[in-house]
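Observations on the model geometry
Spelled out, the chains give:
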Amino acid sequence: MRVRDIIIATAAAMLFCTPLSAQSAEKEPIKAVIVAGADGSHYWQGACDVMKQILENSGMFTVDFAFTPGWNGIENYNPDFSGYDIIIINYGGPTFTEPVRRKFEKFVADGGGLVVIHSSVVPMADWKEYNELIGMGAWDGRDEKVGPYLYWEDGEYVYDYTPGGAGYHGLQHEVTINHRAPEHPILKGLNPNWRHFKDEIYTRMRGPVKNIEILATAYERGRHEPLMWTVTPESGGRVFVDLLGHCGSDPNMVYSMECTGFQVTLLRGCEWAATGEVTQAVPKDFPNEKHLSLRPDFKAPHHAY
Ligand code: ZN
């Protein structure tokens, strides 16, 4: 192929290539750092690798890792969050030391975004500010002292102060996700009811529930249980919590994250947490009430945008 032909071919290819975000070609990438490193019941390395692929394949994000030392040595963990737009936490390990807690809180208070994935609502129940940032949590000794259960009923929030522990899940299964704030930038334009591929559905969350907005629920064990929500802390910053994204105990068990619905809401949630807006187009392969949709390569297919 001669140089001129190559130029014409490249120009033609660019004409037919619609970027995920209308502005992504000109924009600086959003810089994300994933905090992880220990989890008693999840293959966290696989989940982190998959999320890095989902985010970087979009062309909108760069992703680094800030892994803890594991189950021993948390006192030596000293991550550097400077220069990042968002922290994504995917962690179920030992509670952070006071200096790391203050650094984490300051990152969000200074306007940083925080994205909280699946089992990250479990650890660190003894850290009051973390419970406020995530809005609600489960297990790890949480009970009525941390705040009410929160769920959705007949279009309203139900704050349930019944004493009792927090957190329950059954076996993994498919579930229908219902959007409860369809005009929120993370959800705007997406099918408001969609099938989510097999996942572990957490229920009976409870916590301080301050400045919380429920984005999506699923009907589980008799209640419309929140599975995605935002927290807008008075001190600053934006938090997106997504209880989806279970990743079982071996490397082949990342199927929950193969769901197009998970990937699209992760991408949109991360952009919103970083910038307060979502510039991403609505994809054509988003699931609906009848049909699942998977992106097993962790990137959008050519026909999606
Ligand atoms: Zn899980």
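Everything numeric here is computed off the predicted structure, so don't read it as measured data.

As a further point, take the confidence of the model for the protein chain. Taken as a whole, the protein chain shows an average pLDDT of 92; of its residues, 90% reach a score of 70 or greater. Low pLDDT (under 50) marks residues 1-17, which in the prediction has one contact with non-local residues, meaning those over four places away or in another chain.

All right, on to the coordination of the zinc ion then. All of the protein donors around the zinc ion are His42 (NE2), His118 (NE2), Glu200 (OE) and His246 (ND1); their distances to the metal are 2.0 to 2.1 Å. Note that the zinc ion binds four donor atoms; their angles at the metal cover 100 to 132°, and the shape is tetrahedral. Donor residues for the zinc ion, ordered by position in the chain, follow H-x75-H-x81-E-x45-H. Here His42, found in the loop between β1 (30-36) and α2 (44-57), pairs with His246, found in the loop between β11 (238-242) and α5 (260-275); they are 204 residues apart in sequence, far enough to count as distant.

Using the criterion set out here, one finds 16 aromatic pairs in the structure. Between Trp139 and Tyr202, the aromatic rings sit 5.1 Å apart at their centres with planes inclined by 80°, giving edge-to-face as the arrangement. Residue Trp139 is found in the loop between α4 (128-134) and β5 (149-153), and its partner Tyr202 is found in the loop between β8 (193-199) and β9 (212-220); the two are separated by 63 residues along the sequence. A relative accessible area of 27% places Trp139 in the partly exposed class. Taking the relative accessible area as the measure of exposure, Tyr202 reaches 3% and is therefore buried. Among the aromatic residues, ring-to-ring pairing joins Tyr77, Phe81, Tyr91, Phe96, Phe104, Phe107, Trp127 and Tyr130 into one connected group. In this structure, Lys52 is placed above the aromatic ring of Phe65, and the distance from its NZ or CZ to the ring centre is 5.7 Å.

If you trace the backbone, Glu220 turns up in strand β9. Buried within the structure, Glu220 lacks any salt-bridge partner; Arg221 is the closest side chain of opposite charge, at an N-O distance of 6.7 Å. Of the polar contacts made by the side chain of Glu220, one reaches the side chain of His173; its length is 2.9 Å. In contact with Glu220, not counting residues within four places along its chain, are His173, Val175, Ile201, Thr203 and Glu225.

A few words now on the environment of Cys247. Locating Cys247 in the fold gives a position in the loop between β11 and α5. Counting along the chain gives 203 residues from Cys247 to Trp44, while the straight-line C-alpha distance between them is 7.0 Å. Residues in contact with Cys247, not counting those within four places in the same chain, are Ser41, His42, Tyr43, Gly46, Ala47, Met253 and Val254.

The tally for this structure, following the rule as stated, stands at 16 salt bridges. Measuring nitrogen to oxygen at the nearest pair gives 3.2 Å for the salt bridge that ties Arg101 to Asp126. One end of the pair, Arg101, is in helix α3 (residues 98-109); the other, Asp126, is in the loop between β4 (113-117) and α4, and 25 residues separate them in sequence. Exposure remark for Asp126: the relative accessible area of 52% places this residue in the exposed category. One salt-bridge network, held together by shared partners, links Glu98, Arg101, Arg102, Glu105, Asp126 and Glu129.

This brings us to the nonpolar core. The biggest cluster of nonpolar side chains holds 91 residues, and the ones touching the most others in it are Ile88, Ile89, Phe96 and Phe104. Broken down by element, the residue count for this core peaks at eight residues, all from α5.

With that settled, the discussion passes to the pairing of β5. Of all the five residues making up β5, four are buried; the element is thus mostly covered by neighbouring parts of the structure. Where β5 lies against strand β6 (residues 156-160), five bridges are found, and the strand directions are antiparallel. When the sheet's bridge partners are listed, Glu153 is paired in β6 with Glu156. The turn linking β5 back onto β6 is made up of two residues, and Asp154 within it adopts a positive phi angle of 50°.

For the rest of this paragraph, the subject is the layout of surface pockets. Its volume calculated, the second largest pocket comes out at about 240 Å³. Taken together, 13 residues line the second largest pocket, and the ones lying closest to its centre are Glu132, Leu133, Pro233, Glu234 and Ser235. For the lining of the second largest pocket, the secondary structure elements donating two or more residues are α3 and α4.

Calculation rules
Residues numbered from 1 in each chain as written. Predicted model: local features only at pLDDT ≥ 70, side-chain atom pairs only at ≥ 80, totals over all residues. Heavy atoms only, no water. pLDDT = per-residue confidence, 0-100. Contact = heavy atoms within 4.5 Å. Donors = N, O, S within 2.8 Å, 3.2 Å for Na, K, Ca; no water. Tetrahedral: all angles 85-135°; square planar, octahedral: opposite > 155°, others 65-115°. Helix = DSSP H or I, 4+ residues; strand = E, 2+ residues; numbered from the N terminus. Phe/Tyr/Trp six-rings, centres within 6.5 Å; stacked < 30°, edge-to-face > 60°. Buried < 20%, exposed > 50% of the residue type's maximum accessible area, 1.4 Å probe, protein only. Lys NZ or Arg CZ within 6 Å of the ring centre and 35° of its normal. Lys, Arg positive; Asp, Glu negative; His and termini not counted. Salt bridge = Lys/Arg side-chain N within 4 Å of Asp/Glu carboxyl O. Polar contact = N/O pair within 3.5 Å; in protein donor to acceptor, adjacent residues only side chain to side chain. Core = buried A, V, L, I, M, F, W, Y, C linked by side-chain atoms within 4.5 Å. Pairing = 2+ DSSP bridges. 1 Å grid on protein atoms, 1.4 Å probe; cavity = no way out; pocket = protein on both sides within 12 Å on 5 of 7 lines; lining within 4 Å. Points joined across faces, edges and corners; volume = space filled by probe spheres on them.

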